Amino acid sequence: FVGIDGDWIKVAGDDRCILVALDTKTRVIANFEYAESENATDYRIMFLALIKMRYPFKGIVSDRQGDIKRWAKRLLPNVPHQFCLAHFMREVDTKLKYAYICQRLRNAKTKEGYLFFQTFFRPELKFRKKIYAILFARTEKLARTKLNTLIKQRNKYPDRCQPFIISLVKDADYFFRYYKVKGLPRTNNLTELAINQIENRNKLIEGFQTDETAENFICLFIHNYNCKKFTSAKKRHYRLNGKSPLQLAKINLEITDWLNFSQKH
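Cut-offs and rules
- Residues numbered from 1 in each chain as written.
- Predicted model: local features only at pLDDT ≥ 70, side-chain atom pairs only at ≥ 80, totals over all residues.
- Heavy atoms only, no water.
- Salt bridge = Lys/Arg side-chain N within 4 Å of Asp/Glu carboxyl O.
- Helix = DSSP H or I, 4+ residues; strand = E, 2+ residues; numbered from the N terminus.
- Contact = heavy atoms within 4.5 Å.
- Patch = residues over 30% accessible without salt bridge, like charges linked within 9 Å, V, L, I, M, F, W, Y side chains within 5 Å.
- Areas by Shrake-Rupley, 256 points an atom, 1.4 Å probe, with all protein chains shown as cover.
- Lys, Arg positive; Asp, Glu negative; His and termini not counted.
- Charge placed at Lys NZ, Arg CZ, Asp CG, Glu CD.
- Pairing = 2+ DSSP bridges.
- Axes fitted to C-alpha atoms, helices over the stretch in contact; angles between N-to-C directions.
- Phe/Tyr/Trp six-rings, centres within 6.5 Å; stacked < 30°, edge-to-face > 60°.
- Buried < 20%, exposed > 50% of the residue type's maximum accessible area, 1.4 Å probe, protein only.
- Lys NZ or Arg CZ within 6 Å of the ring centre and 35° of its normal.
- 1 Å grid on protein atoms, 1.4 Å probe; cavity = no way out; pocket = protein on both sides within 12 Å on 5 of 7 lines; lining within 4 Å.
- Points joined across faces, edges and corners; volume = space filled by probe spheres on them.
- Nonpolar A, V, L, I, M, F, W, Y, C, P; charged D, E, K, R; others polar.

What follows concerns the pattern of salt bridges. One pass over the full model with this rule turns up 10 salt bridges. Connected through shared salt-bridge partners, Glu 140, Arg 144, Asp 173 and Lys 180 make up one network.

As for its placement among the helices and strands, Asp 42 is situated in helix 1 (residues 40–52). Taking C-alpha positions, Asp 42 is 9.9 Å from Ile 18, a pair spaced 24 residues apart along the chain. Once residues lying within four places of it in the same chain are set aside, the contact partners of Asp 42 are Leu 19, Glu 33, Ala 35 and Ser 37.

A contiguous patch of positive charge, built from Lys 25, Lys 58, Arg 239, Lys 243 and Lys 250, is present on the exposed surface. Positionally, Lys 58 belongs in the loop between helix 1 and strand 4 (60–62).

If you walk across this open sheet you meet the 5 strands as 3-2-1-4-5, and the pairing is mixed. The sheet terminates laterally at strand 3 (29–35) and strand 5 (81–83), the two strands that pair on one side only. When the angles between neighbouring strand axes are averaged without regard to direction, this sheet yields 25 degrees. Here strand 4 runs beside strand 5; their pairing, made up of 3 bridges, is parallel. Of the residues in strand 5, the one forming a bridge with Ile 60 is His 81. Against the sheet, helix 1 contacts strand 1 (2–11), strand 2 (14–23), strand 3 and strand 4, and its axis sits at roughly 150 degrees relative to strand 3.

Within the structure shown, the criterion is met by 15 aromatic pairs. A centroid spacing of 5.7 Å and a plane angle of 85 degrees characterise the contact between Phe 88 and Phe 164, whose relative ring orientation is edge-to-face. Placement of the pair is Phe 88 in helix 3 (residues 85–96) and Phe 164 in helix 8 (residues 162–170), with a sequence separation of 76 residues. Taking relative accessible area as the criterion, Phe 88 reaches 1% and is therefore assigned buried. In this structure an aromatic cluster arises from ring pairing among Phe 83, Phe 88, Phe 164, Tyr 174 and Phe 175. Over the aromatic face of Tyr 174 sits the side chain of Arg 177, whose NZ or CZ is 5.3 Å from the ring centroid.

Turning next to the layout of surface pockets. Here the idea is plain: a probe the size of a water molecule rolls over the atoms and shows the empty space left. By volume, the largest pocket is sized at about 1000 Å³. Surrounding the largest pocket, 30 residues form its lining, Arg 27, Leu 190, Leu 193, Phe 230 and Leu 240 being those nearest its centre. Looking at the lining of the largest pocket, the elements that each hand over two or more residues are helix 10 (189–205) and helix 11 (211–227). A class-by-class count of the residues in the lining of the largest pocket yields 12 nonpolar, 10 polar and 8 charged. Within this model, the second largest pocket holds a volume of roughly 610 Å³. Around the second largest pocket sit 23 residues that line it, and Val 28, Ile 29, Ala 30, Met 53 and Leu 246 are the ones nearest its centre. Contributing elements (two or more residues each) for the lining of the second largest pocket: strand 3 and helix 11. Considering only residue class, the lining of the second largest pocket consists of 14 nonpolar, 6 polar and 3 charged.

Here it is, written out as structure tokens:
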């Protein structure tokens, strides 16, 4: 299963995009594209590169980016594609200002004040609870039943909630694919964690002056990431500790000259 996501970096004051494809079992960054934006051309190049290297697709997980959906469907029509549920929940939370609502409830100084805010924000809180119940239901049948109930009650919710209902109805198969495909991740959190490492290092550097230095840095960083051993994995991921992503992919890493290796590959 491959997770696909993108992130932005600054190059001479302009925005550039890094598109990343991460194998969710081994955590290997299988491919990346350095691009001016998250556009159709670069996602097409990403998929074609993975196909050319004979990546053994079992499934794809991504956000709702239209270009990813289009090229995955066109180039890999028989590969199941799952939309990231965490991405969707964050979009809902942003639109509903959920963090602000939680802050007002936490800061209520009296029980009466808490009940007032709970009543005032009831439509938003109720809508968020229903969306979560649909996305993370125990079975697909239960998820679709809850979605049908939401559709019937849609007039009870504010206008800003309606686009999410429409999206769930339109792309229900993409949100519920993980029920049918064993092991298919329902979130793209692993890919985001890898991208966050690139983002954090980029903040320390405070941007790049040229596209060449930016792309070279990203290339070297990804080589380092793929070769670096995990040390702090917990619980069910404990097996990762002491091994790098490439070692988990059963690739020999007995390299005497790492710099020469990274330049060749």
